[in-house]
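The residues making up each chain are set out below.
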There are 2 protein chains.
Amino acid sequence: MGSSRARIAIDAMGGDNAPAAIVTGALQAASELDVDVLLVGDPDKIDSCIKEHQKDANFPNPNQVEIIPADEVVEMHEEPLSALKRKRNASIRVAMELVKKNQAQAIVSAGHSGAAMAAALLHLGRLRGIDRPAIGAIFPTIVPNKSVLILDVGANVDCRPKFLEQFAVMGTIYSQYVLGVEEPRVGLLNIGEEPSKGNDQAVRTHQMLVDNPLVPFFGNAEGRDILSGNFDVIVCDGFAGNVVLKFAEGLGEIVLNILKEELTQGIMGKMGVTLLKPSLKRFKQRVDHVERGGGLLLGVAGICIITHGSSQGPTVYNAIRLAKDAIDHNVLDRMQSQFESPKQLTAVPEPTAES
Amino acid sequence: MGSSRARIAIDAMGGDNAPAAIVTGALQAASELDVDVLLVGDPDKIDSCIKEHQKDANFPNPNQVEIIPADEVVEMHEEPLSALKRKRNASIRVAMELVKKNQAQAIVSAGHSGAAMAAALLHLGRLRGIDRPAIGAIFPTIVPNKSVLILDVGANVDCRPKFLEQFAVMGTIYSQYVLGVEEPRVGLLNIGEEPSKGNDQAVRTHQMLVDNPLVPFFGNAEGRDILSGNFDVIVCDGFAGNVVLKFAEGLGEIVLNILKEELTQGIMGKMGVTLLKPSLKRFKQRVDHVERGGGLLLGVAGICIITHGSSQGPTVYNAIRLAKDAIDHNVLDRMQSQFESPKQLTAVPEPTAES
């Protein structure tokens, strides 16, 4: 990558809290992460959001923040492809173009995920050897400081075994080089541990993963394995993955609500809660998937991070950090070469930062 | 039903903790629930488990407990159909026969769920009008005292829209008459709220549910709606349902573990935890799906409750209580008549006990 700072294109108009939350997260990233942020969208709105932060202690060096005009937005309710065709100046398209033209090395969007996927395919295309890109999401597990990458969580509602096999190869590389797992354990989401479990597709996929030397396959993962920490990567179709993602997303909030209700019964409970406030906050952060930054679009010829539509500043910041990690670890080239001239995972290399 | 006590056949040999945990739960049920329990399995083993409880204060009237001999068991790793054919005297078969011959009104098993499903189909058959029976599971929600029935959670990994429609009709009746929900809200598990979301099958199912006057359909349910309390019944295929079930099952335990780790950091935290022990126990019970009793086999011509293989006494007791509720509310006849001479849900009747 050389010595120049990573440049990251940000769809400033995408998401429920855009552009304010997006700008907040982007400015923090520019200040703390040694990246330049290219904020794509309505210049006036973005500029007034930036002005709100001008007195912040950690306001970044102004030459690390650039505004790229784009006067249209793909709205959440729109059908992605037709909206993209109609809105040629949509922020997500302009941001993708920056990556396409090498003016940015990655894109981050909290907008319509279907539109981000469609725009990525349109402008960047797929990596050679990949049939279908997937959206990956990083979940916390019960093991401290251990997370698990689940893919696909929504891009492909129907999957053929070959797609799932490709997800497994991509997930392995991502787990090693971006998430820093030296020897990732890959699982196939299924309804039982035995190879014979599940429908015909699951059985065939299981066998393909067993046979694939590029995938450190450790068998079927059941629903309980998502949080167990037994796996580093779990592959599944986008339907099951999306259901699990959305189930998990609300969980931190729900658990905390139930807990507060139960905890505040009686005076002893109330005292306990006061003592425990900092712990409960840490707990929520740990359970709450949303804090982690967001989904990764794997398989397109560019680094694309799709965060949740409801993202606030910290989530956007984390998404940008994830993008920077992917750039620093040269993950695209590594994936491409694994599909073009596969290397068996005999000795799993140490992940090394390259920036 | 008359005035005689309900008789419930229990597969005493099924499950990881059989027969001890099964006998424990069954004896408690016989003592507290006004039911007779028929313990099916190895007479010596069952008898010695019963003897362990003979000095318990709440040991039931001995004529409420009967042992029915069966000298074989379908093991967890066995392929259901071939095992059932080979083991003609398997406890699950003998128990089903009791229901078939009207010597019991319901069956409870913690054994191989696939074998229970196969045995139910073999001995009892389906209700007329049902293509595929489903396994239903009751989940807690964030709303106090409100639960949600999810079906299918594992019987049918592939589903046609017609099957899902039948699940919705059965789920509605079960929700009304067994779970006591006056006006159940039914949802279709999907990856977005809009009718156009999901794959072709999801879109077609959505339309069928909109058009079906027997189903109080409130649209697509996303993953986050499983615990939100927005729905009383959610239908899905057995793959997604099983993943969600198993994801949720471990959750109470996992959340509690994370919580304990976070809470016990520092002296203030330790004091807090001591004060909160009773609340944490209540919390776990509320989150922990497993405490609720287990799955319901809906669509077979008999009342069958399938509990988790790891069930302990309290879970078995709850499963028997669920079976008794289903008997008391005459749920089989109600389902059958809804498929034979459908009545629109214009005025939702009050659930009434009939025992």
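Reading the values: the criteria
- Residues numbered from 1 in each chain as written.
- Chains lettered and ligands numbered in written order.
- Predicted model: local features only at pLDDT ≥ 70, side-chain atom pairs only at ≥ 80, totals over all residues.
- Heavy atoms only, no water.
- Helix = DSSP H or I, 4+ residues; strand = E, 2+ residues; numbered from the N terminus.
- Areas by Shrake-Rupley, 256 points an atom, 1.4 Å probe, with all protein chains shown as cover.
- Expected span 1.5 Å × (residues − 1).
- Buried < 20%, exposed > 50% of the residue type's maximum accessible area, 1.4 Å probe, protein only.
- Polar contact = N/O pair within 3.5 Å; in protein donor to acceptor, adjacent residues only side chain to side chain.
- Pairing = 2+ DSSP bridges.
- Axes fitted to C-alpha atoms, helices over the stretch in contact; angles between N-to-C directions.
- Core = buried A, V, L, I, M, F, W, Y, C linked by side-chain atoms within 4.5 Å.
- Contact = heavy atoms within 4.5 Å.
- Domains from an automatic or database assignment.
- Buried area = accessible area lost by both parts, 1.4 Å probe.
- Left-handed = near helix turned anticlockwise from the far one by under 90°.
- Nonpolar A, V, L, I, M, F, W, Y, C, P; charged D, E, K, R; others polar.
- Phe/Tyr/Trp six-rings, centres within 6.5 Å; stacked < 30°, edge-to-face > 60°.
- Right-handed = clockwise from strand over helix to strand, strands pointing away.

**Observations regarding the overall build of chain A**
The helix and strand tally for chain A stands at 12 helices and 11 strands. A total accessible area of about 14,300 Å² is found for chain A, and carbon and sulfur atoms account for 49% of it.

**Some remarks on helix α8 (residues 238–249) of chain A**
Residue and element names in this part refer to chain A. Spanning 12 residues, α8 covers 16 Å between terminal C-alpha atoms, matching the ideal 16 Å at 1.5 Å per step. Among the 12 residues of α8, 12 are classified as buried, and the element is accordingly described as predominantly covered. Here α8 has its buried residues at G238, F239, A240, G241, N242, V243, V244, L245, K246, F247, A248 and E249. Measuring from the backbone nitrogen of F239 back to the side-chain oxygen at the start of α8 gives 2.8 Å, which picks out D237 as the cap.

**Structural notes on the sheet that holds strand β9 (residues 233–235) of chain B**
All names here are of chain B. Here 11 strands make up an open sheet; going across it, the order is β3-β2-β1-β4-β11-β10-β5-β6-β9-β7-β8 and the pairing mixed. Lying at the two open borders of the sheet, with one neighbouring strand each, are β3 (65–69) and β8 (217–221). Sheet twist, expressed as the mean angle between neighbouring strand axes with direction ignored, is 25°. Pairing of strand β4 (residues 106–109) with strand β11 (residues 303–306) involves four bridges; the strand directions are parallel. Bridge pairing in β11 places S109 opposite I306.

**Considerations on the nonpolar core**
Counting residues in each nonpolar core, the largest one holds 110 residues, and the members touching the most others are I92, F139 and I226 of chain A together with I92, F139 and I226 of chain B. If sequence neighbours within four positions are ignored, I92 of chain A has contacts with D11, V74, L84, I107, S109, A115, A116 and A119 of chain A.

**Looking at the pairing of strand β6 (residues 147–151) of chain A**
Strand residues, when the strand is regular, have side chains that alternate between the two faces of the sheet. All names here are of chain A. When you tally the buried positions in β6, you get four out of five residues, the bulk of the element. For strand β5 (residues 134–140) and β6, the ladder comprises five bridges, and the chain directions are antiparallel. Bridge pairing in β6 places I138 opposite L149. Adjacent in sequence and paired antiparallel, β5 and β6 are bridged by six residues, among which N145 carries a positive phi angle near 60°.

**Quick notes on the environment of T141 of chain A**
All names here are of chain A. Within the secondary structure, T141 sits in the loop between β5 and β6. Along the chain, T141 and V35 lie 106 residues apart, while their C-alpha atoms are 29 Å from each other. Here V143 takes part through its backbone nitrogen, which lies 3.1 Å from a polar atom of the side chain of T141. Reaching out from T141, the side chain makes a polar contact with the backbone oxygen of K146 at a distance of 2.9 Å.

**Focus on the domain arrangement of chain A**
All names here are of chain A. Splitting chain A by domain gives domain 1 (1–125 + 300–332) and domain 2 (137–290). Measuring from the centre of the C-alpha atoms in domain 1 to the corresponding centre in domain 2 gives 26 Å. Taken together, the contact between domain 1 and domain 2 spans nine residues of the former and eight residues of the latter. Carbon and sulfur atoms supply 70% of the area that domain 1 and domain 2 bury against each other, a total of about 740 Å² over both sides.

**With respect to the packing of α8 of chain A against helix α8 (residues 238–249) of chain B**
With their axes 10 Å apart at the nearest point, α8 of chain A and α8 of chain B run at an angle of 30° to one another. Viewed along their axes, α8 of chain A and α8 of chain B form a crossing whose handedness is right-handed. Across the interface between the two elements, F239, A240, V243, V244, F247 and A248 of chain A of α8 of chain A pack against F239, A240, V243, V244, F247 and A248 of chain B of α8 of chain B. When the residues that make up the contact of α8 of chain A with α8 of chain B are grouped by side-chain class, the tally is 12 nonpolar, no polar and no charged.

**Notes on the side chain of H206 of chain A**
Residues and elements named next belong to chain A. Looking at the element boundaries, H206 is found in helix α7 (residues 200–211). Judged by its relative accessible area of 7%, H206 falls in the buried class. Setting aside residues no more than four positions away along its own chain, H206 makes contact with L188, P195, F217, G219 and N220.

**A few points about the packing of aromatic side chains**
Following the criterion strictly, the structure yields one aromatic pair over all chains and no others. Here the aromatic rings of F247 of chain A and F247 of chain B are separated by 5.5 Å at their centres, their planes lie at 70°, and the arrangement is edge-to-face. Pair noted here: F247 of chain A is in helix α8 and F247 of chain B is in helix α8, and the two residues belong to different chains. Both residues of the pair, F247 of chain A and F247 of chain B, count as buried.

**Side note on the pairing of strand β7 (residues 186–189) of chain B**
Residue and element names in this part refer to chain B. Residues V186 and L188 line one face of β7 and the alternating positions G187 and L189 line the opposite face, and both faces are buried. Crossover handedness for the path β7 to helix α7 (residues 200–211) to β8: right-handed. Pairing between β7 and β9: three bridges, direction parallel. Across the sheet, G187 pairs through a bridge with I234, a residue of β9.

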